[in-house]
Amino acid sequence: MRNPLKLPLSVVRHLLPDPSSWDLFDLPPVDLPEGRWLDLPRRGRTWLTDVPGPTPDAPAIILLHAVGCTGQLTWFPAIPRLAEHYRVITFDQRWHGRGITSERFLISDCATDVAEVIDALGLDRPIVAGYSMGSVIAQRVWRQHPDVIGGLILAASTAHFRTNGRERIFHAGMELGMGLSATLSRSSVVRRASSAAVEAIDADSSDTAAWAMKQWRATSPWAVGQAVASLGRHHSSQWLSQVDVPTAVVVTTKDRVIPPDRQRDIAERIPGATVHEAACGHAGCVLEHRAFVPALLEAAHATAARMRDRQPA
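No experiment lies behind these values; they were computed from the predicted model shown.

Quick notes on the rules
- Residues numbered from 1 in each chain as written.
- Predicted model: local features only at pLDDT ≥ 70, side-chain atom pairs only at ≥ 80, totals over all residues.
- Heavy atoms only, no water.
- Helix = DSSP H or I, 4+ residues; strand = E, 2+ residues; numbered from the N terminus.
- Buried < 20%, exposed > 50% of the residue type's maximum accessible area, 1.4 Å probe, protein only.
- Contact = heavy atoms within 4.5 Å.
- Areas by Shrake-Rupley, 256 points an atom, 1.4 Å probe, with all protein chains shown as cover.
- Core = buried A, V, L, I, M, F, W, Y, C linked by side-chain atoms within 4.5 Å.
- Pairing = 2+ DSSP bridges.
- Axes fitted to C-alpha atoms, helices over the stretch in contact; angles between N-to-C directions.
- Parallel < 35°, antiparallel > 145°, perpendicular 65-115°, else oblique.
- Nonpolar A, V, L, I, M, F, W, Y, C, P; charged D, E, K, R; others polar.
- Salt bridge = Lys/Arg side-chain N within 4 Å of Asp/Glu carboxyl O.
- Phe/Tyr/Trp six-rings, centres within 6.5 Å; stacked < 30°, edge-to-face > 60°.
- Lys NZ or Arg CZ within 6 Å of the ring centre and 35° of its normal.
- Polar contact = N/O pair within 3.5 Å; in protein donor to acceptor, adjacent residues only side chain to side chain.

Novice: I would appreciate a short explanation of the overall build of the protein in the present structure.
Specialist: Each helix and strand counted, the protein has twelve helices and eight strands in total. Per-residue burial for the protein yields a buried fraction of 56% across its 313 residues. Sequence-distant contacts in the protein: of pairs separated by 6 or more residues, those separated by 24 or more amount to 78%. Accessible surface, the protein as shown: approximately 13500 Å² in total, 51% of it carbon and sulfur.

Laid out in structure tokens, this is it:
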């Protein structure tokens, strides 16, 4: 992957594992329905897939993807399994894949995008599940729009990133560098580079690694930098104790990007949160899906059951 903004290799390697090597892993086939554009008034449009559940009244779950990925790329191993029980929706976050294009990237805007998707689809308090960056957005959805969601699943998550000197220096540098380059969001050069990759995203999915590479290239390094800078400003420790919807935390126990202890800390801060462990690293949602997907299903079932228990008799 091109890295014109000189993102640290540790970020590229850990957050964006190169799909060109994915043929070395035991990956499931890509078996997803065709997506569609969804227009969100006064915000823009995004690419969405909406997989019906086993029954018309199946609970809905919205999946929020990791940084530098697309909704399909993060979640394609899990969607077919989840769809056996739930209506499953995923879409591309702004500046990722075919997501909304705007002059800036803010996690708070992403959270409102989720609320607008819920409204546009007429969903009744769905479960919102996020992986890594998506889990931070999910936290912000509850914080900003608590009445639109019925439950949370936070996978490979954290309450904040600047926990030590190295992280503080890294995120401060990213914030400064991305602030200075913010005008690139208006650049036709950046837009054309992104458009070229987006046009190739619909390639044949029979070759999983080749399909994944095209999904991955649809997000520019500039967008990744903006997202990482915004993530560095996230801090939910002070209000997680107020979360009042059923919540499950999926801990990726071999994670070197977000240490498992920080993931478990979130569960300790949220009243009644359940913990579901997956013996995988930070890219486990795809590269170690056999460990991750069962833990995700367990988390979804636990959250849905607690939501049912709250419904009036």
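Novice: Whenever I open this one, the nonpolar core confuses me. Can you help?
Specialist: Generally speaking, a soluble globular protein has its nonpolar side chains buried in company with each other. In terms of nonpolar packing, the biggest core is built from 49 residues, with Leu64, Met133, Ile137 and Leu152 touching the most fellow members. Among the elements that line this core, the one with the most residues is helix 4 (residues 107-121), at seven residues. Judged by nonpolar contacts, the second largest core, of 43 residues, contains Ala78, Val286, Ala295 and Leu296.

Novice: Could you clarify how one ought to interpret the environment of Val250 in this entry?
Specialist: Among the structural elements, Val250 can be located in strand 7 (residues 247-252). Counting along the chain gives 14 residues from Val250 to Arg264, while the straight-line C-alpha distance between them is 8.7 Å. Those residues within four positions of Val250 in sequence are excluded, and the remaining contacts are Ile153, Leu154, Ala155, Ala156, Gln263, His276, Ala278, Phe292, Ala295, Leu296 and Ala299.

Novice: Any chance you could explain the sheet that holds strand 4 (residues 87-91) here in plain terms?
Specialist: Pairing between sheet strands relies on hydrogen bonds along the backbone, with the strands arranged either parallel or antiparallel. The strand order 1-2-4-3-5-6-7-8 describes an open sheet built from eight strands, whose pairing is mixed. Either end of the sheet is taken by a strand with one partner, and the two such strands are strand 1 (36-40) and strand 8 (274-278). Taking each pair of neighbouring strands and ignoring which way they run, the sheet shows an average axis angle of 25 degrees. Relative to the sheet, helix 4 contacts strand 1, strand 2 (44-51), strand 3 (60-64), strand 4 and strand 5 (127-131), its axis offset from that of strand 1 by approximately 105 degrees. Its contacts with the sheet put helix 10 (residues 260-269) on strand 6 (151-155), strand 7 and strand 8, and the angle it makes with strand 7 is roughly 170 degrees.

Novice: I keep staring at the packing of helix 4 against helix 5 (residues 133-144) and nothing clicks. Help me out?
Specialist: Relative placement of two packed helices is described by the angle separating their axes and the distance separating the axes. The N-to-C vectors of helix 4 and helix 5 enclose an angle of 70 degrees; their axes lie 8 Å apart at closest approach. Taken together, helix 4 and helix 5 sit at an angle that is classed as roughly perpendicular. For the pair helix 4 and helix 5, contact is made by Ile107, Ser108, Cys110, Ala111, Thr112 and Val114 and by Met133, Val136, Ile137, Arg140, Val141 and Gln144, respectively. Within the contact of helix 4 with helix 5, the residues separate by chemical class into eight nonpolar, three polar and one charged.

Novice: Help me understand the pattern of salt bridges in this model?
Specialist: Any two side chains of opposite charge can pair, so long as their charged atoms come close to each other. Summed over all chains, the structure comprises seven salt bridges. A salt bridge links Arg104 to Asp109; its shortest N-O distance comes to 3.7 Å. You can call Arg104 exposed: its relative accessible area is 51%. Bridged by salt links that share partners, the residues Arg43, Arg94 and Asp113 form one connected network.

Novice: Whenever I open this one, the packing of aromatic side chains confuses me. Can you help?
Specialist: Within a pair of aromatic rings, the relevant descriptors are the distance that separates the centres and the angle that separates the planes. Within the structure shown, the criterion is met by seven aromatic pairs. Measuring from centroid to centroid gives 6.5 Å for Trp75 and Phe292, while their planes differ by 45 degrees, and the two rings are tilted. Placement of the pair is Trp75 in helix 2 (residues 71-75) and Phe292 in helix 12 (residues 289-310), with a sequence separation of 217 residues. As far as burial versus exposure is concerned, Trp75 and Phe292 are alike and both buried. Aromatic rings pair up to connect Trp75, Tyr131 and Phe292 into one cluster. Positioned above the aromatic ring of Trp37 is the side chain of Arg45, whose terminal nitrogen or guanidinium carbon lies 3.7 Å from the ring centre. In this structure, Arg98 packs its charged tip against the face of Trp47, placed 4.0 Å from the ring centre.

Novice: Can you help me understand the side chain of His276 in this one?
Specialist: Relative to the elements of secondary structure, His276 occurs in strand 8. Taking relative accessible area as the criterion, His276 reaches 5% and is therefore assigned buried.

Novice: What is the right way to look at the pairing of strand 5 in this model?
Specialist: On a regular strand, each side chain points to the face opposite its neighbour's, so the side chains alternate between the two faces of the sheet. Counting buried positions along strand 5 yields five of five residues, so the element is predominantly enclosed. What you see with strand 5 is no split at all: Ile127, Ala129 and Tyr131 on one side and Val128 and Gly130 on the other are buried throughout. Two strands pair when backbone bridges link them, and strand 3 and strand 5 are joined in this way by four bridges, in the parallel orientation. The residue bridging Leu63 from the neighbouring strand is Ala129, located in strand 5.

Novice: Explanation requested: unusual backbone geometry in the structure shown.
Specialist: A negative phi holds for most residues other than glycine; trans holds for most peptide bonds. Although it is not a glycine, Ser132 adopts a positive phi angle of roughly 55 degrees. With respect to the element layout, Ser132 can be found in the loop between strand 5 and helix 5. Ser132 gets classed as buried once you look at its relative accessible area, which sits at 7%.

Novice: Explanation requested: the side chain of Thr158 in the structure shown.
Specialist: The residue Thr158 is located in the loop between strand 6 and helix 6 (165-180) in this model. A polar contact is formed between the side chain of Thr158 and the side chain of Arg262, at a distance of 3.5 Å. In contact with Thr158, other than residues within four places in its own chain, are Val136, Gln139, His234, Ile258, Arg262 and Ile266.

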